[in-house]
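# A look at the structure
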Amino acid sequence: MNNWILYTITVLIWGSTWLAIEYQLGVVKPEVSIAYRYAAAAVVLFAWCRFRSLSLRFGVKDHVYFVLLGLLLFCLNYIFAYRAQVYITSALAAIAFSTMLWMNIILSRIIFGTRVTLHVLAGALLGIVGIVVLFAPQIESIAVTDSMFFGSVLALGGALTASFGNMLSQSAQKRQLPVVQTNTWGMFYGAILTGTVALASGHAFNFDATFTYISSLAYLAIFGSVFAFGAYLTLLGRIGAHKAGYVTVMFPVVAVILSVAFEGMQLTGTIVTGTALVLLGNLLILKKDA
């Protein structure tokens with residue numbers, strides 16, 4: 001599967017998960033829903049590995065990678081992100097999370113010595129500006145309060161945690177650890193760790209037996225986790241975290257387009273301008289280095 005297909009799969013699926021996550025909030029605590037999501041995803045991946053006769057036997061050092069990946073990408077990342085939206089709007093959360101692109105660029109340079117070309121930096125800058133323009137109308141109405149500051153810190157914490165998870169995944173692939181099995185064990189450990197956080201927080205493991213909750217949970221587990229993370233982390237191993245991270249700028253655009261199509265959001269000049277900037281940045285980011 002070529003890089004553009006992997007990129008498109010990741011952007012389209014993660015862009016649509018913003019809608020699905022809305023149906024997860026309410027009856028069940030976020031940490032519990034996250035634990036359900038990755039437990040289900042791990043079950044699907046274990047079954048797939050068995051069906052394809054993919055070995056799941058790894059050494060202790062490899063499992064240390066898997067545990068850390070589960071902690072960063074499939075536990076803390078989502079706890080920070082879900083909790084941030086208790087205090088701030090999804091617009092601010094999207095902007096804060098899109099900074100993961102810059103975090104990936106900086107950490108890739110520090111950890112792997114990755115050379116960052118001018119067109120990658122220009123694309124990253126255009127993308128962030130595009131996201132700010134896209135959500136400008138919502139930002140203008142936000143008052144600066146302690147809760148807004150706290151929510152923004154949580155969102156940035158989620159972005160930083162995810163960025164370190166990206167570095168860990170890239171390192172694991174450099175050690176020739178296969179993406180599918182790595183994700184299988186990572187999501188397994190992520191579900192256990194998130195469940196432990198939920199128990200320690202005193203949350204009940206209840207369940208919302210409605211069609212919207214079950215169907216959104218299934219979508220997030222199978223498409224948002226199994227397919228999207230498989231595509232993204234494979235792409236990350238091929239083109240590097242400094243470029244793959246641009247999906248965090250692209251998927252809010254997909255979320256806005258879906259809102260225009262299905263939720264009656266009005267298409268405005270701000271939306272068009274912001275989207276155009278993000279897409280231009282996308283072309284620069286994915287341009288082949290000379």
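These lines cover the structure that appears in this document, whether it is placed above or below. These figures come from a predicted structure and were not determined experimentally.

Parameters and conventions
- Residues numbered from 1 in each chain as written.
- Predicted model: local features only at pLDDT ≥ 70, side-chain atom pairs only at ≥ 80, totals over all residues.
- Heavy atoms only, no water.
- Helix = DSSP H or I, 4+ residues; strand = E, 2+ residues; numbered from the N terminus.
- Rg over C-alpha atoms; globule rule 2.2 N^0.38 Å.
- Buried < 20%, exposed > 50% of the residue type's maximum accessible area, 1.4 Å probe, protein only.
- Contact = heavy atoms within 4.5 Å.
- Core = buried A, V, L, I, M, F, W, Y, C linked by side-chain atoms within 4.5 Å.
- Expected span 1.5 Å × (residues − 1).
- Salt bridge = Lys/Arg side-chain N within 4 Å of Asp/Glu carboxyl O.
- Polar contact = N/O pair within 3.5 Å; in protein donor to acceptor, adjacent residues only side chain to side chain.
- Patch = residues over 30% accessible without salt bridge, like charges linked within 9 Å, V, L, I, M, F, W, Y side chains within 5 Å.
- Areas by Shrake-Rupley, 256 points an atom, 1.4 Å probe, with all protein chains shown as cover.
- Axes fitted to C-alpha atoms, helices over the stretch in contact; angles between N-to-C directions.
- Parallel < 35°, antiparallel > 145°, perpendicular 65-115°, else oblique.
- Left-handed = near helix turned anticlockwise from the far one by under 90°.
- Nonpolar A, V, L, I, M, F, W, Y, C, P; charged D, E, K, R; others polar.

### Structural notes on the overall build of the chain
Along the chain, the regular secondary structure elements total 13 helices and 0 strands. When the elements of the chain are put in sequence order from the N terminus, they spell out α-α-α-α-α-α-α-α-α-α-α-α-α. Computed over its C-alpha atoms, the radius of gyration of the chain comes to 18 Å, within 12% of the 19 Å expected for a compact globule of 290 residues. The buried share of the chain, reckoned over its 290 residues, is 51%. Counting contacts in the chain only where the partners sit at least 6 residues apart, residues at least 24 apart contribute 90% of the total.

### Here's the deal with the nonpolar core
Counting 71 residues, the largest nonpolar core has Y7, W14, Y38, M187, F229, Y232 and Y246 as the members making the most contacts within it. Counting residues per element, this core draws most heavily on helix α3 (residues 60–87), which supplies 10 residues. Apart from the residues lying within four places of it in its own chain, the contact partners of Y232 are T10, W14, M100, N104, N166, A244, G245 and V247. By size, the runner-up hydrophobic cluster in this structure holds 7 residues, among which are A84, A93, L154 and A155.

### Description of helix α5 (residues 100–112)
Between its first and last C-alpha atoms α5 spans 17 Å; for 13 residues at 1.5 Å apiece the expected length is 18 Å, and the two agree. Residues M100, L101, M103, N104, I105, L107 and S108 constitute the buried set of α5. At the exit of α5 stands G113, carrying a positive phi of roughly 70°.

### A closer look at the pattern of salt bridges
Close approach of charged atoms lets side chains of opposite charge pair. One pass over the structure, following the stated rule, counts 2 salt bridges. Close ionic contact of E31 with R83 constitutes a salt bridge, the shortest N to O distance being 2.9 Å. Residue E31 is found in helix α2 (residues 30–51), and its partner R83 is found in helix α3; the two are separated by 52 residues along the sequence. Judged by relative accessible area, E31 falls into the buried class, the value being 5%.

### Concerning the side chain of Q181
Along the chain, Q181 turns up in helix α9 (residues 179–200). Using a relative accessible area of 8% as the deciding quantity, one classes Q181 as buried. A polar contact of 3.3 Å, which involves the side chain of Q181, links it to the backbone oxygen of S55. Once residues within four sequence positions are removed from consideration, Q181 is found in contact with C49, L54, S55, L56 and F58.

### A few points about a nonpolar patch on the surface
Together, V44, I222, F223 and F227 line one region of the surface with nonpolar side chains, adding up to about 310 Å² of accessible area. Ranked by residue count, the leading element in the nonpolar patch is helix α10 (residues 211–239), at 3 residues. Mapped onto the elements of the fold, V44 is located in helix α2.

### Describing the packing of α2 against α9
Here α2 crosses α9 at 155°, and the two axes come no closer than 8 Å. Classified by the angle their axes make, α2 and α9 are roughly antiparallel. Read as a crossing pair, α2 and α9 show a hand that is left-handed. Where α2 approaches α9, its residues E31, V32, I34, A35, Y38, A39, A41, A42, L45, F46, W48 and C49 are matched on the opposing element by V180, Q181, N183, T184, W185, M187, F188, A191, T194, G195, V197 and A198.

### Digging into the environment of V247
Positionally, V247 belongs in helix α12 (residues 247–262). Residues V247 and V11, spaced 236 residues apart in sequence, show a C-alpha to C-alpha distance of 5.8 Å. Setting aside its immediate chain neighbours within four residues, V247 contacts Y7, T10, V11, W14, Y232 and P252.

### Thoughts on the environment of T210
Relative to the helices and strands, T210 is located in the loop between α9 and α10. For the pair T210 and Y23, spaced 187 residues apart in sequence, the C-alpha separation works out to 10.0 Å.

### Describing the packing of α9 against α10
Between α9 and α10, the least distance of the axes is 10 Å, while the angle of their chain directions is 130°. As summarised for this structure, α9 and α10 are arranged oblique, according to the angle between their axes. For the element pair α9 and α10, the recorded crossing hand is right-handed. Along the contact surface, α9 presents V179, N183 and M187, while α10 presents S225, V226, F229, G230, L233 and T234. Across the contact of α9 with α10, the residue classes tally to 5 nonpolar, 4 polar and no charged.

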